[in-house]
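# Overview (structure and organization)
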Amino acid sequence: PFPLMIFAAGFGTRMGALTKDRPKPLIPVAGRALIDHALDVGHRAGVTRTVVNTHYRAEQMEAHLAGRGIAISHEAGPILETGGGLKAALPLLGTGPVAILNSDGIWTGANPLQELAAAWDGSRMEALLLLLPLRETLAHGPKGDFRLAPDGRISRGAGGEDHVYIGAQILNPARIAATLDEVFSLNKPWNEMIAAGTAYGIIHRGGWCDVGHPEGIAAAEALLHSAGL
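First, a word on what this report is: a plain description of the structure on this page. All values reported here derive from a predicted model rather than from experimental measurement.

In this section: the overall build of the protein chain. A count of helical and extended segments in the protein chain gives seven helices and 13 strands. Against the globule reference of 17 Å for 229 residues, the protein chain gives a C-alpha radius of gyration of 17 Å, in line with a compact fold. Dimensions along the principal axes, computed over C-alpha positions, put the protein chain at roughly 45 × 40 × 30 Å. Sequence separation of at least 24 residues holds for 72% of the intrachain contacts in the protein chain that already meet a minimum separation of 6.

Further remarks concern the packing of aromatic side chains. In total, this model carries four aromatic pairs according to the counting rule given. Measuring from centroid to centroid gives 6.4 Å for phenylalanine 2 and tryptophan 120, while their planes differ by 80°, and the two rings are edge-to-face. Of the two residues, phenylalanine 2 is situated in the segment before strand E1 (4-7) and tryptophan 120 in the loop between helix H4 (112-119) and strand E8 (127-133); the sequence distance between them amounts to 118 residues. The partly exposed category is assigned to phenylalanine 2, whose relative accessible area is 21%.

Looking along a regular strand, one sees side chains alternate from face to face of the sheet. Burial runs high along strand E4 (residues 50-54): five of the five residues are buried. Side chains Thr50, Val52 and Thr54 of E4 all project onto a buried face; the interleaved residues Val51 and Asn53 project onto the opposite face, where all are buried too. Of the pairings in the sheet, the one linking E1 to E4 comprises three bridges and is parallel in character. Of the residues in E4, the one forming a bridge with leucine 4 is threonine 50.

How two helices pack is summed up by the angle between their axes together with the distance between the axes. It is the contact of helix H1 (residues 34-44) with helix H2 (residues 58-65), at a shortest axis distance of 11 Å, that shows an interaxial angle of 45°. Judged on the interaxial angle alone, H2 and H1 are oblique. In this structure, H1 crosses over H2, and the sense of that crossing is right-handed. Contact with H1, carried on its side by Ile35, Asp36 and Leu39, involves Met61, His64 and Leu65 of H2 and no other residues of that element. Of the residues belonging to the contact of H1 with H2, the class tally is four nonpolar, one polar and one charged.

What follows is about the environment of arginine 135. Position of arginine 135 relative to the elements: it lies in the loop between E8 and strand E9 (147-148). Relative accessible area serves as the criterion here: at 71%, arginine 135 is assigned to the exposed category. Between the alpha carbons of arginine 135 and valine 164 there is a distance of 9.2 Å; along the sequence they are 29 residues apart.

With respect to the helices, strands and loops of the structure, asparagine 111 is situated in the loop between strand E7 (105-107) and H4. At 3.1 Å, the side chain of asparagine 111 forms a polar contact with the backbone oxygen of valine 41. Setting aside chain neighbours within four positions, we find asparagine 111 in contact with Val41, Arg44 and Ala45.

Turning to the nonpolar core, a few remarks are in order. By size, the foremost hydrophobic cluster in this structure holds 31 residues, and its most contacted members are Ile6, Ile35, Val52, Leu101 and Leu113. Of all the secondary-structure elements, those providing two or more residues to this core are E1, H1, H2, strand E6 (98-102), H4, E8 and strand E11 (163-171). Setting aside residues up to four positions removed in sequence, isoleucine 35 forms contacts with Ile6, Ala8, Pro25, Leu26, Val52, Met61, His64, Leu65 and Ser103. Ala89, Ile176, Leu186 and Ala199 belong to the second-largest nonpolar core, a separate cluster that totals 23 residues.

Turning our eyes to something else, we now look at the pattern of salt bridges. Any two side chains of opposite charge can pair, so long as their charged atoms come close to each other. Using the criterion set out here, one finds 13 salt bridges in the structure. The shortest N-O distance in the salt bridge between glutamate 192 and arginine 175 comes to 3.5 Å. Within this pair, whereas glutamate 192 is found in helix H6 (residues 187-196), its partner arginine 175 is found in helix H5 (residues 174-178), the two being separated by 17 residues in sequence. Residues participating in the shared-partner salt-bridge network are Glu126, Arg175, Asp181, Lys188 and Glu192.

A few words on the pairing of E6. Of all five residues that make up E6, four are buried, and the element is covered over most of its length. Relative to E6, E1 runs parallel, the two sharing four bridges. Looking across to E6, one finds that phenylalanine 7 is bridged to asparagine 102. Strand direction decides the pairing type here: E6 and E11, joined by four bridges, are antiparallel. By the bridge assignment, leucine 101 is partnered in E11 with alanine 168.

Rules used in this analysis
In this numbering scheme, every chain counts its residues from 1 along its sequence in written order. Totals for whole chains, interfaces and linings use every residue, but because this is a predicted model, local features are given only for residues with pLDDT of at least 70 and side-chain atom pairs only at 80 or more, for both listing and counting. Hydrogens and water are ignored here; the side-chain numbers use all heavy atoms of the structure. By the criteria applied, helices consist of DSSP H or I runs no shorter than four residues and strands consist of E runs no shorter than two, each listed in order from the N terminus. Put simply, the radius of gyration uses C-alpha atoms, and a globule should come to 2.2 Å times the residue count raised to 0.38. Whether two residues are in contact is decided by their heavy atoms, any of which lying within 4.5 Å being enough. Working definition: rings of Phe, Tyr and Trp (its six-membered ring) pair if their centres are within 6.5 Å, and the pair is stacked with planes under 30 degrees apart, edge-to-face with planes over 60 apart, and tilted otherwise. Exposed residues in this analysis have more than 50% of their type's maximum accessible area, buried residues have under 20%, and partly exposed residues fall in between, with area computed by a 1.4 Å probe over protein chains only. Any two strands are treated as partners once DSSP identifies two or more bridges connecting them. Fitting a line to C-alpha atoms yields each axis, with helices limited to the stretch in contact; the angle taken between N-to-C directions then spans 0 to 180 degrees. These descriptions rest on fixed angle ranges, namely under 35 degrees for roughly parallel, over 145 for roughly antiparallel, 65 to 115 for roughly perpendicular, and the rest for oblique. Throughout, a crossing is termed right-handed when the near helix is turned clockwise from the far one, and left-handed when it is turned anticlockwise from it by less than a right angle. Gly falls in the polar group here, along with every residue not listed as nonpolar (Ala, Val, Leu, Ile, Met, Phe, Trp, Tyr, Cys, Pro) or charged (Asp, Glu, Lys, Arg). Polar contact is defined as a pair of N or O atoms within 3.5 Å, subject to the rule that within protein one atom must be able to donate a hydrogen and the other to accept it, and that residues adjacent in sequence are counted only when both atoms are side-chain atoms. By convention a nonpolar core is built from buried Ala, Val, Leu, Ile, Met, Phe, Trp, Tyr and Cys residues, the set being connected through side-chain atoms within 4.5 Å. Definition used for salt bridges: Asp or Glu carboxyl oxygen within 4 Å of a side-chain nitrogen of Lys or Arg.

Below you can see the structure in the form of C-alpha cells.
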C-alpha cells in the first residue's frame, strides 16, 4: 500500500464557532471525529504508514492520535497550505508515490484509496484524483473543479468544470519536493501536471459529502445512515 498523508492542519474558519476550541478534524460526525473517519479509510485499504500534519490547536490532535502509530508532521511556523504541508512531511512518508486524504470529507461506497491504487499507472501519471460529478456531491458549493476527458486526463478552463475533487488522490511528489516554495497550494503542481498531460482523474463509486462547513455535518450523517454506516 502507498503511504498515506492526511491533511489536518487548517484553521477550519468556515466551521465558525465549532472550531473556536478545537481543530476541524476533531469535530464529531455520527459520533466519531472526522479524522477517525479518514483513518478508517486508510485502515480498510491496508495502509501501514500514515502521516498527519498539524498546526491549529496541534496539541489536541496529537493527544487524540497518541499511541496509534501515526507520525505527526507539525507545522510550527506559518501554516504551509496543502503543497507546503506535503513537502514538509515527505521525510516521514518515504520515497515514491503517496496517497492523500483530506480530513473534512465523508465517503461511502468503494474504498477511495483502493479505487485509486487499482487505477494508478506511474508510467504516465503524476497525479490521480478521485472525482464526482458536481450534481452527485453533497454540501458542496455550486462550482466544480475539473473537466474529465474520455482518456482520463483532467483539465481546467472555459466551458465549465463539472467534476469535483473529493479529497482523495495518489500523487508522485517529485515535483513538490523540487519546488523552492515553502508555502503553496497543491493547485500549483496540479496546474503544472495538467499542462504536462500527467494529471488524471477517476470517478468514485459511491457517495461523498463535504464537511467543511456546519451544514455539512447533518448531510454527512444522513449519507452514512443511508449507507448503513
